[in-house]
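# A structural walkthrough
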Protein chains: 2
Amino acid sequence: MKLYQYPTASQLAEIIKRPTKDSADLTATVRAILDDVRERGNQAVIEYEQRFDKAALSSLAVTEQEFAEAELLVSDELKAALQQAHDNIARFHAAQRYAGIEVETVAGVRCWQRSVAIERVGLYVPGGTAPLFSTVLMLATPARIAGCADIVLCTPPRSDGSVHPAILVAARIAGVTKVMKTGGVQAIAAMAYGTESVPKVSKIFGPGNQYVQCAKQLVSLGDVAIDMPAGPSEVAVVADSTASASFIAADLLSQAEHGVDSQVLLVTTSESVYTTIGDELDRQLSALPRCGIATQALDNSRIVLVSDLDAALDIVNRYAPEHLILEIADPHAFAGRVVNSGSIFLGHLTPESAGDYASGTNHTLPTNGYATAYSGVNLDSFCRKITYQELTAEGIRSIGRTVELMAEAEALYAHKNAMTLRINSTQP
Amino acid sequence: MKLYQYPTASQLAEIIKRPTKDSADLTATVRAILDDVRERGNQAVIEYEQRFDKAALSSLAVTEQEFAEAELLVSDELKAALQQAHDNIARFHAAQRYAGIEVETVAGVRCWQRSVAIERVGLYVPGGTAPLFSTVLMLATPARIAGCADIVLCTPPRSDGSVHPAILVAARIAGVTKVMKTGGVQAIAAMAYGTESVPKVSKIFGPGNQYVQCAKQLVSLGDVAIDMPAGPSEVAVVADSTASASFIAADLLSQAEHGVDSQVLLVTTSESVYTTIGDELDRQLSALPRCGIATQALDNSRIVLVSDLDAALDIVNRYAPEHLILEIADPHAFAGRVVNSGSIFLGHLTPESAGDYASGTNHTLPTNGYATAYSGVNLDSFCRKITYQELTAEGIRSIGRTVELMAEAEALYAHKNAMTLRINSTQP
């Protein structure tokens, strides 16, 4: 832990600094796999699955039989939990539906805006030791509510060629159209370019390792949109003297256990919290299975004592945390003044894990300070807003001359003429 | 012009194809300028302005005196036009304000979403023969309505070191905070990294040549967000037998005059339109100052005769045009079935130039088929949606067990513990 008491301006700059990115350039490696899949399609994907996931596949799509088997392998208790989480996510995202607007900007000029779902979206869910079925719910549920026609999910198979049953159950609950057994760069390539069995999508969502992130960024330069750039996950906790050291420690550790590069920041106005949190972290840490990872992440954590909540707010807004937990007496007043954060957790009874799984908000959020410019995934992420306009003869009289003047001043005479012809045709 | 009558499937694929990108790799050139500006700040920008714009600058910011002089140089008639265009843009974008939502997803779990302006945005407005003051209005007006605190506009100076007065007048009308005299890659670098006098922004908007686009894409890989990727501007016109050949030709030409790479597509169900449009284009073309450019763009234009509007709709949705003009008897029925387009112009009296300047909709729109995944610039482009959640003791009882189960199944025990502690603390 790095400890700061009433930090100076230069210490503040250090506190809000993100780790510099690993300078290893993966571009050439990733580009080669992308190009190979673009050229050779399924065959290339199958070969990379053999090489990277040690899985011998004859086809990529998860079959109906595999879905049926998965239902038998997941406990009823976990299924019920998935269903409740899904229902909450569905409620919150359904409330984000955009009714559209219609405005007569000036007499005879009607403009409107309509939200339309992206037709085909691709979701990426990483493999690894633990199956990230919560991410399946977080991405597929809003995609279905938005009305996306094709919701393709790619996830790496295990070495026996199967997909973790909880992922398949979550995919069915959330309304995924197709689950494909492929991961890594080859999965991103398959969704960006399409193969014989993976449909080409218009936008790719989801987390992944540095190869997956690099692949998403490369394909986003021209072939397909992506949800957002990604860095290590992070939490900022603001605590005052009403906060419980054990709650704070548990919240910091839930971030720290994600990975050794997880970012953990505690800003407190309480000397008591500042002095006791270290011991509390040690105590809880020893009980964690992922103790090794969390310990490394905590080495880079920052614990900051500040004089008041205004100073805490300044740090938070400059840091722009992915997650912000407000364990303070009046979290609402503070939350209303936060301008840079992905998702905010108010009060002592709202741990980050509530939002990670089941409160209903989305857990795909901007990291690395991207909260200054990006939203987390929400219903809009799966839609586009198309604009419309319609002029009547009165509308031509309202803005016709303005269009002519501006077009002429921009030296675009065909633009002007298109309006002049309408003006002439509508003159009495 | 390329003519197609009742195209076959393979011809359809050709019709909706975009030009392949110029393979010239600008990355090294652009990267060098970006790095230089990042390192040397203002001094590097001033040197590039001397080299590329032949302008000898001692400082970058447009002064109050220059703004005052600009007011005297723009005619009252054009000022009134700019003001009307601004007012319509303001009305349409103000109507897009997001009231926010609040949902109790399950008993004791309250989730909400609030839209917050991006604090600092950068707008790029290209130079060239004609001043694109309309783009100033289209970008700065929604930025101001969103509530962005800093709205920085960069535009290349003329060789005498001045900025075109119409740009400055438009910037004042729309509420730009600062206008900086710099263009090209050095302008994008200055906004992405900040210099002594150009503030670092969180998101960069605006059109530009291939160097500017390449620079925007490179900085978007980690340093700053951008509005969207860009390709050549394009229009699709759908016309039936009620359409006027002279209106159609004028609309196609307003696209063609933008540049030699402009994309022009006419899909018609009318044999008469199909056979007469060539002559009408030739007639209008000869009167245009930018006749040379338009002629080249028209060489690549596609004129397609289809049997009915369903066939036209299929082409439109697969092409995903930036602009779509519906010169047909019932444009509303057709418009309701379009799923891929940036902005739609309904009926015979709604030329694209209405929306380019003054209807109120935004003219910064997705090209190159990006309309399948991207919206045009709108109020949302200048905001982020932050999510919030708050649990009561009842909320803990509602979802506590679900969070524990899911965290355990994902092998994230600190996540589980953060909830377990809250469950224990709220038990009677």
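Residues numbered from 1 in each chain as written. Chains lettered and ligands numbered in written order. Predicted model: local features only at pLDDT ≥ 70, side-chain atom pairs only at ≥ 80, totals over all residues. Heavy atoms only, no water.

## What about the packing of helix H2 (residues 27-40) of chain A against helix H9 (residues 210-220) of chain A?
Residue and element names in this part refer to chain A.
- Contact pair H2 / H9: the axes reach a minimum separation of 10 Å and the direction vectors enclose 70°. Between H2 and H9, the interaxial angle falls into the category roughly perpendicular. Read as a crossing pair, H2 and H9 show a hand that is right-handed. Side by side, H2 and H9 meet where Thr27, Thr29, Val30, Arg31 and Leu34 of the first sit next to Tyr211, Cys214, Ala215, Leu218 and Val219 of the second.
- Residue classes in the contact of H2 with H9 are distributed as 7 nonpolar, 2 polar and 1 charged. (Axes fitted to C-alpha atoms, helices over the stretch in contact; angles between N-to-C directions. Helix = DSSP H or I, 4+ residues; strand = E, 2+ residues; numbered from the N terminus. Parallel < 35°, antiparallel > 145°, perpendicular 65-115°, else oblique. Left-handed = near helix turned anticlockwise from the far one by under 90°. Contact = heavy atoms within 4.5 Å. Nonpolar A, V, L, I, M, F, W, Y, C, P; charged D, E, K, R; others polar.)

## Overview of the packing of aromatic side chains
All names here are of chain A.
- Inspection of the entire model under this criterion finds 8 aromatic pairs over all chains.
- Residues Tyr48 and Phe52 carry aromatic rings whose centres are separated by 5.8 Å and whose planes lie at 5° to one another, so their mutual orientation is stacked. In this pair, Tyr48 and Phe52 are both assigned in helix H3 (residues 42-53), 4 residues apart and thus about one turn of the helix distant.
- Residue Tyr48 is classed as buried on the basis of its relative accessible area, which comes to 7%.
- Between Phe205 and Phe382 the ring centres are 4.2 Å apart and the planes differ by 15°, which places this aromatic pair in the stacked class. Of this pair, Phe205 sits in strand S7 (residues 203-205) while Phe382 sits in the loop between helix H15 (352-357) and strand S14 (383-391), and the two are 177 residues apart along the sequence. (Phe/Tyr/Trp six-rings, centres within 6.5 Å; stacked < 30°, edge-to-face > 60°. Buried < 20%, exposed > 50% of the residue type's maximum accessible area, 1.4 Å probe, protein only.)

## A word on unusual backbone geometry
Residue and element names in this part refer to chain B.
- In this structure, Lys54 is a non-glycine residue whose phi angle is positive, near 55°.
- Within the element layout of this structure, Lys54 appears in the loop between helix H3 (42-53) and helix H4 (64-73).
- One non-glycine residue with positive phi stands out, namely Asn368, at about 60°.
- Residue placement: Asn368 occurs in the loop between helix H15 (352-357) and strand S14 (383-391).

## Things to note about the sheet that holds strand S13 (residues 343-346) of chain B
- Strand order in the open sheet formed by 9 strands is S2(A)-S3(A)-S14(A)-S13(B)-S12(B)-S9(B)-S10(B)-S11(B)-S1(B), and the pairing between neighbours is mixed. Every interior strand has two partners, whereas the edge strands, strand S2 (101-106) of chain A together with strand S1 (2-5) of chain B, have only one. Within the sheet, the average angular offset between the axes of one strand and its neighbour, ignoring direction, is 15°.
- Where strand S9 (residues 234-239) of chain B lies against strand S12 (residues 323-327) of chain B, 5 bridges are found, and the strand directions are parallel. Looking at S12(B), one finds that B:Ala239 is bridged to B:Glu327.
- Against the sheet, helix H16 (residues 393-409) of chain A makes contact with S2, strand S3 (109-117) and S14 of chain A, and its axis sits at roughly 95° relative to S14(A), the strand it touches most. (Pairing = 2+ DSSP bridges.)

## What about the interface of chain B and chain A?
- Counting residues at the interface gives 120 residues for chain B, matched by 121 residues for chain A.
- For the pair chain B and chain A, the summed buried area comes to about 10,000 Å², and 59% of that belongs to carbon and sulfur atoms.
- Across the contact surface, chain B and chain A share 8 salt bridges.
- Taken together, the links from chain B to chain A amount to 72 residue pairs in polar contact (both at pLDDT 80 or more).
- Here the side of chain B that touches chain A takes 11 residues from helix H16 (residues 393-409) of chain B, the largest share from any one element.
- Each residue belonging to the side of chain B that touches chain A can be placed in one class, and the counts come to 62 nonpolar, 40 polar and 18 charged.
- The pairing of S14(A) with S13(B) spans 4 bridges and is classified as parallel. The partner of A:Tyr388 across the bridge, within S13(B), is B:Ile344. (Buried area = accessible area lost by both parts, 1.4 Å probe. Salt bridge = Lys/Arg side-chain N within 4 Å of Asp/Glu carboxyl O. Polar contact = N/O pair within 3.5 Å; in protein donor to acceptor, adjacent residues only side chain to side chain.)

## Overview of the nonpolar core
- Counting residues in hydrophobic clusters, the biggest one holds 69 residues, and the most contacted among them are A:Met406, B:Val121, B:Leu123, B:Leu137 and B:Phe382.
- Ranked by residues supplied to this core, first place goes to helix H6 (residues 133-146) of chain B with 9 residues.
- For B:Phe382, the residues in contact, after removing those within four places along its chain, are B:Val116, B:Ala117, B:Ile118, B:Val121, B:Leu123, B:Leu139, B:Pro142, B:Ala143, B:Ala146, B:Cys148, B:Phe205 and B:Val377.
- In terms of nonpolar packing, the next biggest core, distinct from the first, is built from 68 residues, A:Ala174, A:Met228, A:Ala358 and B:Ile423 among them. (Core = buried A, V, L, I, M, F, W, Y, C linked by side-chain atoms within 4.5 Å.)

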